[in-house]
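Coordinate inspection notes
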Amino acid sequence: MTDQGQLPIQHIGKYRLLQEIGRGGMGIVYLGFDEYNNREVAIKIASVAGITDEQYLQKFQKMFFNEVRVAGMLKHPNILTVFDAGVEEPYYYIVMEYVQKSRTLKDFCKAGSLLPVEQVVETIFKCCKALD
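Our subject in this report is the structure included herewith. (Residues numbered from 1 in each chain as written. Predicted model: local features only at pLDDT ≥ 70, side-chain atom pairs only at ≥ 80, totals over all residues. Heavy atoms only, no water.)

Let's shift gears to the pattern of salt bridges. A side chain with one charge can pair with a side chain of the opposite charge if their charged atoms come near. For the structure shown, the criterion picks out six salt bridges. Linking glutamate 20 and arginine 23 is a salt bridge whose minimum nitrogen-to-oxygen distance equals 2.8 Å. The class for glutamate 20 is partly exposed, based on a relative accessible area of 21%. Since its relative accessible area comes to 56%, arginine 23 is described here as exposed. A salt bridge links lysine 126 to glutamate 122, with the nearest nitrogen and oxygen atoms 3.4 Å apart. Remark: glutamate 122 and lysine 126 occur in helix α2 (residues 117-131); sequence separation between them is four residues, near one turn of the helix. Assessed through its relative accessible area of 39%, lysine 126 is described here as partly exposed. Because the salt bridges share partners, they merge into one network encompassing Lys14, Asp34 and Arg39. (Salt bridge = Lys/Arg side-chain N within 4 Å of Asp/Glu carboxyl O. Buried < 20%, exposed > 50% of the residue type's maximum accessible area, 1.4 Å probe, protein only. Helix = DSSP H or I, 4+ residues; strand = E, 2+ residues; numbered from the N terminus.)

Encoded structure:
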């Protein structure tokens, strides 16, 4: 979000952006709405605005489309489904399944909020099965 709490854009592709729900190394994740399929989606958006180094831009584009390709190949109940991806200069976006009330493991990687060993083993097992 911008300093004023406004989204940088209101739509991308056929999707309406509702609110920011997370940030990562490759972009910002928004809660979006797919009006054609009447469902909420997670939309990861990365902007190339301001990138002037042509080599870096090419590397970024390669990493982005590699992520889309690899994520789109994965099919498992414990892996989010990728529905769509696209480019609307200067934005690159990936549209994924949205899981309400989901959390990342980041919250559980700090002293005082670590998960019990049994739950850690179960989570690792689910990740391994999904990647198998």
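With that settled, consider the sheet that holds strand β6 (residues 91-97). In space, the six strands of this open sheet follow the order β1-β2-β3-β4-β6-β5, with antiparallel pairing throughout. Here the strands that pair on one side only, and so sit at the sheet edges, are β1 (11-12) and β5 (82-88). For strand β4 (residues 39-47) and β6, the ladder comprises seven bridges, and the chain directions are antiparallel. Paired with lysine 44 across the two strands is isoleucine 94, which belongs to β6. Contacting β4, β5 and β6, helix α1 (residues 54-73) runs over the sheet at an angle of about 15° to β6. (Pairing = 2+ DSSP bridges. Contact = heavy atoms within 4.5 Å. Axes fitted to C-alpha atoms, helices over the stretch in contact; angles between N-to-C directions.)

With that settled, consider the layout of surface pockets. Approximately 1500 Å³ is the volume found for the largest pocket. Taken together, 38 residues make up the lining of the largest pocket; nearest its centre are Leu80, Ser102, Arg103, Thr104 and Leu105. Broken down by secondary-structure element, the contributors of at least two residues to the lining of the largest pocket are β2 (15-24), β3 (27-34), β4, α1, β6 and α2. By residue number, the principal contributor to the lining of the largest pocket is α2, which donates seven residues. Residue composition of the lining of the largest pocket, by class: 20 nonpolar, nine polar and nine charged. (1 Å grid on protein atoms, 1.4 Å probe; cavity = no way out; pocket = protein on both sides within 12 Å on 5 of 7 lines; lining within 4 Å. Points joined across faces, edges and corners; volume = space filled by probe spheres on them. Nonpolar A, V, L, I, M, F, W, Y, C, P; charged D, E, K, R; others polar.)

Below, the discussion takes up unusual backbone geometry. For residues besides glycine, phi is generally negative; the peptide bonds are generally trans as well. In this chain, glutamate 89 is followed by proline 90 through a cis amide linkage whose omega measures 5°. Mapped onto the fold, proline 90 is located in the loop between β5 and β6. Notably, asparagine 38 is not glycine yet its phi reads approximately 50°, a positive angle. On the secondary structure map, asparagine 38 appears in the loop between β3 and β4. A positive phi is found at lysine 101, a non-glycine position, where the angle reads about 60°.

Within β6, six of the seven residues are buried, leaving the element largely enclosed by the surrounding structure. As defined by bridge partners, β5 adjoins β6 across six bridges and the pair is classed as antiparallel. For valine 87, the partnering residue across the bridge sits in β6 and is tyrosine 92.

Purely geometric numbers; function is a separate question.
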